[in-house]
Amino acid sequence: YWNQLTTGNMGKWESVGRSTDTLQWSWSSLDYAYNYAKENDLIFKDHTLIWGSQQPDWINALDSAEQINYIETWIRMVGERYPDMDMIDVVNEPLPNHNPPDGIAGEANYKDALGGDGETGWDWVIKSFELAKKYMPNTELILNDYGIINSNSNTTTYLEIINLLMDRELIDGIGVQGHRF
């Protein structure tokens, strides 16, 4: 019995925002998934807003001020376009050496535009959730990562991020990917 539709690549910024011209962003695949879910009484979960992988290539060439402007625009547009979205992975794979947007190993490089590590060590994750909460107030906001159940250090780090988000009432759920490498 399946009652949820979760987008794959179609929900990622790279698939939608192939240029800096937001009027040219391609929403058709994501629209199709959202409308299908709503028409068939399925839970709609989007994947993902902020992730080091599968982000638009052009974002790395911008300065931090331009990056945060586009990040906020991306999150705002998703929230406005899909107002009845049930859930969304706000940040995917934030743990070090996973896929944060820190520019390491060819990943997108806009972590600093979101506040970098900051005072908490995770200010960029907190800012991402603050923006999602602002533009998606009725959507369940989720943090997602892999390698949690088979690593005590990853579990500890993940719990640190979760607790920071819980203290600020920004998170509704967590994802723990069941695969391992």
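Placed above this text is the structure.
The structure displayed is predicted, hence computed values, not measured ones.

To continue, consider the overall build of the chain. Tallying secondary structure elements over the chain gives five helices and five strands in all. Ordering the α and β elements of the chain from the N terminus gives β-α-α-β-α-β-α-β-α-β. For 181 residues, the compact-globule formula gives about 16 Å, and the C-alpha radius of gyration of the chain, at 16 Å, lands near that figure. Dimensions of the chain along its principal axes, counting C-alpha atoms only, are 40 × 40 × 30 Å.

Right, let's talk about the pairing of strand S5 (residues 173–177) for a bit. Where strand S4 (residues 140–146) meets S5, five bridges bridge the pair, whose relative direction is parallel. Counterpart to Leu-143 in the pairing with S5 is Ile-174. In the classification by handedness, the crossover that spans S4, the intervening helix H5 (residues 152–167) and the parallel S5 is right-handed.

A full pass over the atoms with the stated rule returns 14 aromatic pairs. Aromatic side chains Trp-13 and Trp-25 sit 6.2 Å apart centroid to centroid with 70° between the ring planes, which places their arrangement in the edge-to-face category. Of the two residues, Trp-13 is situated in helix H1 (residues 13–16) and Trp-25 in the loop between H1 and helix H2 (28–39); the sequence distance between them amounts to twelve residues. Comparing Trp-13 with Trp-25, the two get one shared label, buried. Ring plane angle 5° and centroid distance 5.5 Å describe the contact between Trp-13 and Trp-74, whose orientation is recorded as stacked. Taken together, the residues Trp-13 in helix H1 and Trp-74 in helix H3 (residues 64–81) connect sequence positions 61 residues apart. Accessibility classification places Trp-13 together with Trp-74 in one group, the buried group. One aromatic cluster is present, formed by Trp-13, Trp-25, Trp-27, Tyr-34, Phe-44, Trp-58, Tyr-70, Trp-74, Tyr-82 and Tyr-110 through successive ring pairs.

Attention now goes to the packing of H3 against helix H4 (residues 123–135). Close contact between H3 and H4 brings their axes to 9 Å; oriented N to C, the two are set at 40°. With respect to H4, the axis of H3 lies oblique. H3 and H4 meet at a crossing whose hand is right-handed. Residue-level inspection shows Ile-68, Ile-71, Glu-72, Ile-75, Arg-76 and Gly-79 of H3 in contact with H4, the latter providing Lys-127, Ser-128, Leu-131, Ala-132, Lys-134 and Tyr-135. Considered class by class, the residues forming the contact of H3 with H4 number six nonpolar, two polar and four charged.

Quick look at the nonpolar core now. The tendency in soluble globular proteins is for nonpolar side chains to be buried side by side. If you look at the biggest cluster of nonpolar residues, it comprises 51 residues, and the most contacted ones within it are Leu-49, Phe-129 and Leu-143. For this core, the secondary structure elements donating two or more residues are H1, H2, strand S2 (43–50), H3, strand S3 (87–92), H4, S4 and H5. With seven residues, the single largest contributor to this core is H4.

Three- or four-residue spacings in an α-helix give side chains the same orientation, since the helix completes a turn every 3.6 residues. Compared with the 16 Å implied by 1.5 Å per residue over twelve residues, the 16 Å span of H2 between its first and last C-alpha is a close match. Among all positions of H2, only Leu-30, Asp-31, Ala-33, Tyr-34 and Ala-37 are buried. All buried residues of H2 lie within an arc of 165° about the axis, which places them on one face of the element. Summarising the geometry of H2, the exposed residues directed more than 90 degrees from the buried face are Tyr-32 and Glu-39. Taken from the residues just after H2, Asp-41 is the one with a positive phi, measuring 50°.

Rules and cut-offs
Residues numbered from 1 in each chain as written. Predicted model: local features only at pLDDT ≥ 70, side-chain atom pairs only at ≥ 80, totals over all residues. Heavy atoms only, no water. Helix = DSSP H or I, 4+ residues; strand = E, 2+ residues; numbered from the N terminus. Rg over C-alpha atoms; globule rule 2.2 N^0.38 Å. Pairing = 2+ DSSP bridges. Right-handed = clockwise from strand over helix to strand, strands pointing away. Phe/Tyr/Trp six-rings, centres within 6.5 Å; stacked < 30°, edge-to-face > 60°. Buried < 20%, exposed > 50% of the residue type's maximum accessible area, 1.4 Å probe, protein only. Axes fitted to C-alpha atoms, helices over the stretch in contact; angles between N-to-C directions. Parallel < 35°, antiparallel > 145°, perpendicular 65-115°, else oblique. Left-handed = near helix turned anticlockwise from the far one by under 90°. Contact = heavy atoms within 4.5 Å. Nonpolar A, V, L, I, M, F, W, Y, C, P; charged D, E, K, R; others polar. Core = buried A, V, L, I, M, F, W, Y, C linked by side-chain atoms within 4.5 Å. Expected span 1.5 Å × (residues − 1). Arc of directions from axis to C-beta.

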